[in-house]
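The primary structure of each chain is shown beneath.
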Amino acid sequence: MAGSSKWAAAVASIWIQCSLGAPYSFAIYSPILKSTQSYDQSTLDSISVFKDIGANAGVVSGFLYSAVCRPRSLLRGPWVVHAAGAIQCFVGYFFMWLAVTGAIAPPHVAVMCVFMFVASHAQTFFNTANVVTSVHNFPDYSGTMVGIMKGYLGLSSAITIQVYQTFFAGKPATYLLMLAIAPPLLSLVLMFFVRIHHTQTQTQTQTQTRSSYHDKRYLNAFSFISVIVAAYLMFLIFLNNIVVLPHWARVLTLALLLLLIASPLYVAIEAHKHDLQTLHSPLKTPLIKEEDVNGNKEITSDDLNLVQAIRTLNFWLLFVAMLCGLGSGLATINNISQIGESLGYTARERSTMVSLWSIWNFLGRFGAGFVSDILMHKKGWPRPLFMVIALATMAAGHVMIALGFRGNLYLALLLVGVCFGSQWCLMPTITSEIFGVQHMGTIYNTIAVANPLGSYILSVRVIGYIYDREERSEVGSSSCSGAHCFRLSFFILAAVSFAGALVALVFMIKTRAQYARIIRRKMLA
């Protein structure tokens, strides 16, 4: 695959990211989990909580990545992190499959929670290995690469659902077995391609500028392909809501989807050819070599470990901003169906909203990295500014939901979905720029804990409490109907998001000196 190069690493990471939609497709296999194990809804919700915790508690994966990619490590390279994720993914989903098929006695609820936690926890290992390696390999365009990786992760649920609808429709137990086998197998096949590479130059300014331009050209091709994949998935979502496709048509549409996902390989081959030409050119003399993970990478003063980062105000400002942004965004997605029902949207309309959320989420993840990189290089805009804009815009989206006008929910969810997705790109990229890439995986995964924490506070303690109160006020009704059901909740979420924007503004002001240095370097690239 284009030899051993950073481009091969990028393509391998993209393909692995596309397979990680299992935690987001819980709705497919949760009914059979509930029926075969005789769970009530409360028990199923408890298992779902462990899914969310596992998918977001990535601190261990960050520690492991830092350990295996430092000098003199016994086991070296991101492949170790991938292997650990593959083992967890197989064990978690395989034992769930054994349980639902009756191959083993129904496990205790606590044991099933452990299976779910382990299965979803695998995602953090795959994601950490792919994202952090990409930042190492493309330091000048870290925002674009994080956006691409996080964007494909956002699309992975829609991709996984297409596979399910084509081959396993009506067979959720078989789908569980596929989740136990396919993602780990793909990761084991590709993990040795995901390696850290560095470019050293002799004619530093001129050659680095040319190399950076070359990287940007091919990264733009990666970006274009990801947008095409997202647009095609959106087309399939609308098509499936309009007509029932025969099996042969589903196979054909899936084959075209897989062809689109495979197409970055062509870009990687062309980019690698260009690298080889540059390597042997007398006019441009960069020495491109794989980092010896035994390596001699210089640790700058900005390379902080987790304990050192936690002691800084910057860490807590970023954490609080993410608590507000990620927490309010996840609380929104958790309640889309109930919001739509209370406002009189049909079941099909609500289903379309849930499906489109993954597309808006992708646009935010990809767009924030791509646009922020362009404006940093060309205009000198600091990346935290985009976080301020995203959080303020998210507050506007929450206000639109609170107002409850008929028809505006689609636009409101577009705003909230894009802004929610953008946080998942901006936060890891900013983490690498402020605290360094040496321990980036550990630090950004610790900050990501703000996602389930904020969701619990806002979804359960705010939205759930207020909805139940409004429901009890409607005598003789089993559910709440009308704009008042969620009005107060989303005004509160709007205030929280706006408070997050103010915190992000303080963060931007406090880091302006660091970003002045970063921008000077990037504008030369």
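- Under an unreviewed UniProt entry, the chain has the name Major facilitator superfamily (MFS) profile domain-containing protein and belongs to Sesamum alatum.
- Under the heading Sequence similarities (unreviewed entry), UniProt records this for the chain: "Belongs to the major facilitator superfamily. Phosphate:H(+) symporter (TC 2.A.1.9) family."
- Per UniProt, the chain carries the Subcellular location (unreviewed entry) text "Membrane".

Topic: the environment of Leu 356
Next up, step 1: Checked against the element boundaries, Leu 356 lands in helix H15 (residues 347-378).
Next up, step 2: A C-alpha to C-alpha distance of 9.1 Å links Leu 356 and Phe 238, two positions 118 residues apart in sequence.
Next up, step 3: With residues near it in sequence (within four places) discarded, Leu 356 still touches Met 234 and Phe 238.

What to know about the packing of H15 against helix H17 (residues 409-435)
Next up, step 1: Two elements in contact, H15 and H17, have axes whose closest approach is 6 Å; the angle formed by their N-to-C orientations is 40°. When the axis of H15 is compared with that of H17, the two are oblique. Considering only the axes of H15 and H17, their crossing is right-handed.
Next up, step 2: Classifying every residue of the contact of H15 with H17 gives 16 nonpolar, seven polar and three charged.

Some points on the pattern of salt bridges
Next up, step 1: By the definition in use, this model includes six salt bridges.
Next up, step 2: Notably, a salt bridge pairs Asp 52 with Lys 51, separated by 2.8 Å at the nearest N-O pair.
Next up, step 3: Residue classification places Asp 52 among the partly exposed residues on the basis of a relative accessible area of 26%.
Next up, step 4: By relative accessible area, Lys 51 is classed as buried at 9%.
Next up, step 5: Within the structure, one salt-bridge network assembled from shared partners comprises Asp 373, Arg 383 and Glu 433.

Here's the deal with helix H10 (residues 247-262)
Next up, step 1: Counted at 1.5 Å a residue, the expected span for H10 with its 16 residues is 22 Å, and the 22 Å between its end C-alpha atoms agrees.
Next up, step 2: Regarding H10, the residues found buried are Ala 249, Arg 250, Thr 253, Leu 254, Leu 257, Leu 260 and Ile 261. Down the axis of H10, the buried set is contained in an arc of 130°. They therefore lie on one face. Within H10, the exposed residues directed more than 90 degrees away from the buried face are Trp 248, Leu 252 and Leu 259.

Conventions used here
- Residues numbered from 1 in each chain as written.
- Predicted model: local features only at pLDDT ≥ 70, side-chain atom pairs only at ≥ 80, totals over all residues.
- Heavy atoms only, no water.
- UniProt positions renumbered as here; feature names shortened; annotations may be inferred.
- Helix = DSSP H or I, 4+ residues; strand = E, 2+ residues; numbered from the N terminus.
- Contact = heavy atoms within 4.5 Å.
- Axes fitted to C-alpha atoms, helices over the stretch in contact; angles between N-to-C directions.
- Parallel < 35°, antiparallel > 145°, perpendicular 65-115°, else oblique.
- Left-handed = near helix turned anticlockwise from the far one by under 90°.
- Nonpolar A, V, L, I, M, F, W, Y, C, P; charged D, E, K, R; others polar.
- Salt bridge = Lys/Arg side-chain N within 4 Å of Asp/Glu carboxyl O.
- Buried < 20%, exposed > 50% of the residue type's maximum accessible area, 1.4 Å probe, protein only.
- Expected span 1.5 Å × (residues − 1).
- Arc of directions from axis to C-beta.

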